[in-house]
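# Commentary on secondary and tertiary structure
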Amino acid sequence: MKLRNDKILVFGGGSGIGKAIAKRFCDAGAKVLITSRNEEKLKNAAEEINSKNIYYKTFDITNINEHIVLFNEAAEILSGLNGFVNAAALGTGAFTGRGYEPWDITEEEWDTLTDINFKAAFFLIRNEVDYMLANGIGGNILNIASNAACMDIVGSYGASKEAIIKWTRSLGKRYGHNGIIINGIAPGATFTPMIARYAHDINQKYERHAIERFIRPDEIAELAFYLMSDYGEIICGHTVVADGGDNAATL
Ligand SMILES: NC(=O)c1ccc[n+]([C@@H]2O[C@H](COP(=O)([O-])OP(=O)(O)OC[C@H]3O[C@@H](n4cnc5c(N)ncnc54)[C@H](OP(=O)(O)O)[C@@H]3O)[C@@H](O)[C@H]2O)c1
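Given the structure is predicted, the values throughout are model-derived calculations rather than measurements. (Residues numbered from 1 in each chain as written. Predicted model: local features only at pLDDT ≥ 70, side-chain atom pairs only at ≥ 80, totals over all residues. Heavy atoms only, no water.)

### Side note on the environment of Val129
Of note, Val129 is situated in helix H4 (residues 107–134). Under the relative-accessibility criterion, Val129 is labelled buried at 3%. With 51 residues separating them along the chain, Val129 and Ile180 place their C-alpha atoms 7.7 Å apart. Aside from chain neighbours lying at most four places away, what touches Val129 is Ile141, Tyr175, Ile180 and Ile182. (Helix = DSSP H or I, 4+ residues; strand = E, 2+ residues; numbered from the N terminus. Buried < 20%, exposed > 50% of the residue type's maximum accessible area, 1.4 Å probe, protein only. Contact = heavy atoms within 4.5 Å.)

The following block contains the structure:
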């Protein structure tokens with residue numbers, strides 16, 4: 001199995017799931033540009049990935065008018081651009097460490113979260129598709145949603161992730177005809193900084209999952225590799241739930 005495309009831009013690549021995917025793709029020989037807002041984090045991630053194929057650049061995905069500028073820069077850096085991983089987001093407890101209750105959010109927090117997770121997430125996918133169509137590229141897009149989309153009470157975070165599953169489905173069906181493969185992953189609780197408020201130890205028991213443990217970022221990265229591989233093309237417009245059985249009874 002090999003990657004279907006090998007010049008990849010990873011949003012949210014400075015930590016967690018995005019970083020693990022960037023490492024997996026570099027290991028497979030792809031050139032990868034990781035981006036997020038924090039330069040120090042990106043630099044550390046690039047050092048950790050430790051590959052001649054890793055590059056980094058700061059970028060805030062809410063700068064919607066700059067998306068295409070970034071894609072052109074990425075294409076220069078990577079000598080082409082034909083794959084996108086959309087892993088940038090704020091977690092539901094990003095502001096105060098609070099949980100999933102829908103009422104448990106201020107209007108200001110709602111705006112910040114939806115600006116990133118909902119508005120910027122949509123325009124990112126749209127601009128990635130437009131960029132590939134304009135340049136005749138049959139590339140890949142992988143959207144990181146969340147199993148929060150399948151859960152009952154998860155406020156604006158869950159709603160934004162459900163939207164990503166919907167866009168993945170409808171745009172995947174529409175642009176598969178152009179050779180653009182759009183898929184998603186909906187992880188369960190994955191041991192990254194996003195859930196640090198309740199995940200302190202990778203070996204901690206986590207009974208919400210049927211497998212009673214947290215998911216490791218490298219496990220999500222392996223699934224990402226499959227979905228963006230030449231074999232993964234038969235899955236198109238689909239979001240794979242990888243949540244250790246959390247929602248097994250409800251799907
Ligand atoms: N961990 C879980 O349990 C879990 C479960 C389901 C889904 N997910 C999803 O998985 C994806 C990756 O999250 P993670 O768990 O790996 O957490 P993470 O380590 O916090 O990664 C999220 C990344 O998004 C970046 N980011 C946030 N806002 C941004 C913005 N405006 N512009 C650019 N980058 C931005 C952050 O970097 P900066 O702060 O440097 O910008 C960070 O590197 C997210 O979409 C998350 O919703 C995670």
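### Focus on the side chain of Ser36
Along the chain, Ser36 turns up in strand S2 (residues 31–36). Take Ser36: its relative accessible area is 12%, and that puts it in the buried class.

### Topic: the site of the ligand
Around the ligand sit 28 residues, and of these Ser15, Ile17, Arg37, Tyr157 and Thr192 come closest. A distance of 2.7 Å is found between an oxygen atom of the ligand and a backbone nitrogen or oxygen belonging to Ile17. Note that an oxygen atom of the ligand is positioned 3.3 Å from one of the backbone N or O atoms of Ala89. Of all the secondary-structure elements, those providing two or more residues to the shell around the ligand are helix H1 (16–27) and helix H5 (155–175). Of the residues assigned to the shell around the ligand, the class counts are 15 nonpolar, 9 polar and 4 charged. (Near = heavy atom within 4 Å. Polar contact = N/O pair within 3.5 Å; in protein donor to acceptor, adjacent residues only side chain to side chain. Nonpolar A, V, L, I, M, F, W, Y, C, P; charged D, E, K, R; others polar.)

### A few points about the layout of surface pockets
Considered as a void within the structure, the largest pocket measures approximately 910 Å³ in volume. Within the residue set of the lining of the largest pocket, elements represented by two or more residues are H1, S2 and H5. Here the residues of the lining of the largest pocket sort into 24 nonpolar, 16 polar and 7 charged. Gly16, Lys19, Ala20, Pro217 and Asp218 are, among the 14 residues lining the second largest pocket, the residues nearest its centre. When contributions to the lining of the second largest pocket are tallied by element, the ones reaching two or more residues are H1, helix H2 (39–49) and helix H6 (217–227). It is H1 that contributes the most residues to the lining of the second largest pocket, 5 residues altogether. When grouped by side-chain class, the residues that make up the lining of the second largest pocket number 6 nonpolar, 2 polar and 6 charged. (1 Å grid on protein atoms, 1.4 Å probe; cavity = no way out; pocket = protein on both sides within 12 Å on 5 of 7 lines; lining within 4 Å. Points joined across faces, edges and corners; volume = space filled by probe spheres on them.)

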